[in-house]
Amino acid sequence: MTEPLLDVTGLTAEFVHRGETIPALNGIGFTVAAGEAVGFVGESGCGKSVMARAIMRLAPEGSSVRLGGAVRFQGTDLMALSEARMRDIRGSRIAMVFQDPMTSLNPVMTIGAQMADMIRRHTGFSARQARARVLELLDDVGIRDPQRRIDDHPHQFSGGMRQRVLIAIAVSCEPDLLIADEPTTALDVTVQAQILRLLMRLRERHGMALMLISHDFGVIAGMVERVNVMLGGEIVETGAVEQIFAAPAHAYTRALLDAVPRLDAEGRQA
Amino acid sequence: MSEIGLLPVDAPATAPRPTARRAGYWLIATGGVMLAVMLIVTAFGPFIAPYNPAAISPDSLAGISAQHWLGTDSIGRDVLSRLIIGGRTTLFITAIAVSLALMAGLVLGLLSGYMGGIVDQMVMRALDVVFAFPVFLLAIAVVAALGPTIPNLILTIAIVYTPILARVVRGPVLSVKRWDHVEAARSVGVSEVRLVVSHILPLVISPILVETSLTLANTIFTVTALSFLGLGPPPPDPNWGGMLAEARQFMELAPLTVIAPAAAIVFATLTFIVLANGLRDMLDVGGQR
């Protein structure tokens, strides 16, 4: 067996607030193989987002978070890297798509400038090359008429389009791992489906591994091969999607699945 | 959508009150014109001034005449010429001092707001010490200790106004640095310096603009006051504060020698206050996003 792309062992995170420590992650361990899609489900506050940020070493600014454990990515322990080396990895090897596209873009920079900025940071492209790449990426994620939209500001884009832009930014350097933290939660259902399809397509094309974080079993089910169920800062169950859905072993997983309203079951009875 | 027509679709709930905005444009236009007049007179002062500001004539304390539009002072120097050239000194000191204070305020405020924690505490407490001194007392002490030269005056004023600007910068940085787009930018490997300069600073610029304009007004006042007290640029270079001080004794004989520099000070100060008010209304400082 080859080494997994990402191998997380004993990952802990605790918030330090006024001398008190509040645990958020209690020793999480999982692996992601290259090109694999892994889902993470759990209720609000179970540590999904903290985990995503911990892997990228993105502590919320101003709060004191203490991280522990090991995150081995392509053989290097990210926890041991210097901040400067970590910055090189962010965006180029591991990228992230955030929950709220409405606030995740800089409102005073044009879409093109934000994207070009990031591309040039990682590639050393000239301004012209970067702009060409931006146009290509915008077209790729399904923004119509990129030539005309590239110099627009975020407020001129709809939520779905902004999420497309954020995805374009995330995949612009063809990362090996994309972490999507509730990428569709803030969007309409119809737009959700489009965004998920887009993520799927890009993943297949670039052979990226995907960590999809969601509270929505429906979203997870159609997208990933393996699911980790999280509760209270721990992974309580892990397995193939079919197995988890067909025969959930953990009581919490059963409870979560039962909490999903089932149109088909109701319909057949009526 | 639009057939329903219950609510005006194109009126976002967060838009600034339109009347305030319109008033803002007017104030900025007025302030802009005043500023333009001041800058033109300052820039082309030596060409506009009818006389050499230091030239003495036997015709002392003269009133308004065709030769001397604003009369002459106690040793027969042309008041208008001195006003124009004196404005250059005053405005030059003000501009340099405020630029220095703004630069220091930006650096300290951004550093303090972005880093937070112990750095924030140290910077802000140090600035509090400066802040605690009354502006004039501090200025008088420094200028008296180091001597009344123009560089000293500039430095003093820059030091005095730095804490105010640093505070205005720091406040909004504290909140903007937590916004999602900053984290999103960090997640793609944008460096700390770039985060601050291109993802935080542009969003906190409005209150800084307003405060800078107000500081300019205050500084003009401070510079002229210090000059009035004899702590300004040394004579014979004319400056507004010095002119007031010299003319004080002859106020009853030649009121114009006092009124003219006083009016100039009021005009210059008012320019920046009007601009600051206009900017505040137009940028809707306080209610962003």
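Because the structure is a prediction, the values reported are computed rather than measured.

Asks: Even after reading the chapter, I still don't get the overall build of chain B, so can you show me in this structure?
Replies: Within chain B, the secondary structure is distributed over eleven helices and zero strands. Seen through its principal axes, chain B has C-alpha atoms that stretch 80 × 55 × 30 Å. Within the span of chain B, comprising 289 residues, buried residues form 42% of the whole. A sequence separation of at least 24 residues applies to 70% of the contacts in chain B between residues at least 6 apart.

Asks: How should I be thinking about the overall build of chain A in this particular structure?
Replies: A count of helices and strands for chain A gives eleven helices and ten strands. For chain A, the C-alpha radius of gyration of 19 Å lies close to 18 Å, the compact-globule estimate for 270 residues. Referenced to the eigenvectors of the C-alpha coordinate spread, the extents of chain A come out at roughly 55 × 55 × 45 Å. For chain A, buried positions account for 40% of its 270 residues. Taking contacts inside chain A between residues at least 6 apart in sequence as the whole, the part at least 24 apart equals 66%.

Asks: Explanation requested: helix H6 (residues 159-171) of chain A in the structure shown.
Replies: Side chains of residues three or four places apart in an α-helix project in the same direction, reflecting 3.6 residues per turn. With 13 residues, H6(A) extends 18 Å between its outermost C-alpha atoms, agreeing within 8% with the 18 Å of an ideal straight helix rising 1.5 Å per residue. Counted residue by residue, H6(A) has twelve buried out of 13 residues, so it is predominantly covered. Taken together, the buried positions of H6(A) are A:Gly160, A:Met161, A:Arg162, A:Gln163, A:Arg164, A:Val165, A:Leu166, A:Ile167, A:Ala168, A:Ile169, A:Ala170 and A:Val171. Check the buried side of H6(A) and you find it contacts strand E6 (94-97), helix H3 (111-123), helix H4 (127-140), strand E7 (177-181) and helix H7 (189-206) of chain A together with helix H7 (180-187) of chain B.

Asks: Would you explain helix H8 (residues 192-200) of chain B in this entry?
Replies: All names here are of chain B. Within the sequence span of H8, burial applies to Leu195, His199 and Ile200. Down the axis, H8 shows its buried residues gathered within 75 degrees of arc, on one side only. Facing away from the buried side of H8 by over 90 degrees, the exposed positions are Val193 and Val197. In this structure, the buried side of H8 is in contact with helix H3 (79-115), helix H6 (150-176) and H7.

Asks: Please clarify how the sheet that holds strand E10 (residues 234-240) of chain A should be interpreted in this entry.
Replies: Residue and element names in this part refer to chain A. With respect to topology, six strands assemble into an open sheet ordered E6-E7-E8-E3-E9-E10, the strand pairing being mixed. Of all strands in the sheet, those with a lone pairing partner are E6 and E10, marking the two edges. Across this sheet, the average inter-strand angle for adjacent strands is 20 degrees, counted without regard to direction. Pairing geometry for E6 and E7, over four bridges, is parallel. Paired with Ala95 across the bridge in E7 is Leu178. Its contacts with the sheet put helix H1 (residues 48-55) on strand E3 (37-41), E6, E7, strand E8 (209-214) and strand E9 (226-231), and the angle it makes with E7 is roughly 150 degrees.

Asks: Just to check I follow, could you spell out the nonpolar core for this structure?
Replies: Among soluble globular proteins, nonpolar side chains are generally buried collectively. Of all hydrophobic cores here, the largest spans 142 residues; its most connected members are A:Leu177, A:Leu178, A:Ile179 and A:Met211. Not counting residues within four places of it along the chain, the set of residues in contact with A:Leu178 comprises A:Ala95, A:Val97, A:Ala170, A:Val171, A:Met208 and A:Leu210.

Asks: Mind showing me how you'd approach the interface of chain A and chain B here?
Replies: By convention, interface size is frequently given as the accessible area that disappears when the constituent parts associate. In this assembly, 24 residues from chain A lie in contact with 19 residues from chain B. For the side of chain A that touches chain B, the elements supplying multiple residues, two or more each, are helix H2 (83-89), E6, H3 and H6 of chain A. Looking at the side of chain A that touches chain B, the element that brings in the most residues is H3(A), giving three residues. Classifying every residue of the side of chain A that touches chain B by side-chain character gives eleven nonpolar, seven polar and six charged.

Asks: How should the packing of H6(B) against helix H9 (residues 205-228) of chain B be read in this particular structure?
Replies: What describes two packed helices is the angle between their axes and the distance between those same axes. All names here are of chain B. At their nearest, the axes of H6 and H9 sit 10 Å apart, and the two run at 160 degrees to each other. Put simply, H6 runs roughly antiparallel to H9. Crossing geometry of H6 relative to H9 is assigned as right-handed. Within the contact between the two elements, H6 uses Leu153, Ile157, Tyr161, Ile164, Leu165, Val168, Val169 and Pro172 and H9 uses Pro207, Ile208, Glu211, Thr212, Thr215, Thr219, Thr222, Val223 and Leu226. Classifying every residue of the contact of H6 with H9 by side-chain character gives twelve nonpolar, four polar and one charged.

Asks: Just checking my understanding: could you explain unusual backbone geometry for this structure?
Replies: Residue and element names in this part refer to chain A. Of note, Gln74 is a non-glycine position whose phi angle comes to about 50 degrees, a positive value. Among the secondary structure elements, Gln74 is positioned in the loop between strand E4 (64-73) and strand E5 (76-77). On the basis of neighbour counts, which here come to 16 C-beta atoms within 10 Å, the residue Gln74 falls in the partly exposed class.

Asks: What am I meant to see in the sheet that holds E4(A) here?
Replies: Each strand in a sheet pairs with its neighbour through backbone hydrogen bonds, running either in the same direction (parallel) or in the opposite one (antiparallel). Residue and element names in this part refer to chain A. Reading across from one edge, E2-E1-E4-E5 is the order of the four strands in this open sheet, with antiparallel pairing throughout. The open sheet has two edge strands with one neighbour each: strand E2 (20-32) and E5. Bridge count between strand E1 (residues 6-17) and E4: nine bridges; the pairing is antiparallel. Paired with Val8 across the bridge in E4 is Val71.

Asks: Mind showing me how you'd approach the packing of H7(B) against H8(B) here?
Replies: All names here are of chain B. Where H7 contacts H8, the two axes come as close as 11 Å, and the packing angle between them is 140 degrees. Between H7 and H8, the crossing angle belongs to the class labelled oblique. Crossing hand, H7 versus H8: right-handed. Touching His181, Val182, Ala185 and Arg186 of H7 are Leu195, His199 and Ile200, all from H8.

Asks: Where do I start with the pairing of E7(A) in this structure?
Replies: Consecutive side chains along a regular strand alternate between the two faces of the sheet. Residues and elements named next belong to chain A. Burial analysis of E7 places five of its five residues in the buried class, the great majority of the element. With burial as the criterion, each face of E7 is covered, one bearing Leu177, Ile179 and Asp181 and the other bearing Leu178 and Ala180. In terms of strand pairing, E7 meets E8 through five bridges, oriented parallel. Note on E8: the bridge partner recorded for Leu178 is Leu210. One crossover worth recording links E7 to the parallel E8 by way of H7, and it is right-handed.

Asks: Honestly, the confidence of the model for chain B in this entry has me stumped. Any pointers?
Replies: Low-pLDDT portions of the prediction should not be read for the details of their coordinates. Residue and element names in this part refer to chain B. In the predicted model, chain B carries a mean pLDDT of 82, and 92% of its residues have values of at least 70. Here residues 1-14 is modelled with pLDDT under 50, and outside its nearest four sequence neighbours on either side it reaches two contacts, counting other chains as well. As scored by the predictor, the complex reaches a pTM of 0.80 and an ipTM of 0.83.

Asks: Would you mind going over the environment of A:Cys46 with me for this structure?
Replies: Residues and elements named next belong to chain A. Here Cys46 lies in the loop between E3 and H1. Separated by 184 residues in sequence, Cys46 and Met230 have C-alpha atoms that sit 6.3 Å apart. For Cys46, the contacting residues outside a window of four places in its chain are Met230, Leu231, Gly232 and Gly233.

Cut-off values and rules
Residues numbered from 1 in each chain as written. Chains lettered and ligands numbered in written order. Predicted model: local features only at pLDDT ≥ 70, side-chain atom pairs only at ≥ 80, totals over all residues. Helix = DSSP H or I, 4+ residues; strand = E, 2+ residues; numbered from the N terminus. Buried ≥ 20, exposed ≤ 12 C-beta atoms within 10 Å, placed from the backbone. Contact = placed C-beta atoms within 7 Å. Rg over C-alpha atoms; globule rule 2.2 N^0.38 Å. Expected span 1.5 Å × (residues − 1). Arc of directions from axis to C-beta. Pairing = 2+ DSSP bridges. Axes fitted to C-alpha atoms, helices over the stretch in contact; angles between N-to-C directions. Core = buried A, V, L, I, M, F, W, Y, C linked by C-beta atoms within 7 Å. Nonpolar A, V, L, I, M, F, W, Y, C, P; charged D, E, K, R; others polar. Parallel < 35°, antiparallel > 145°, perpendicular 65-115°, else oblique. Left-handed = near helix turned anticlockwise from the far one by under 90°. Right-handed = clockwise from strand over helix to strand, strands pointing away. pLDDT = per-residue confidence, 0-100.

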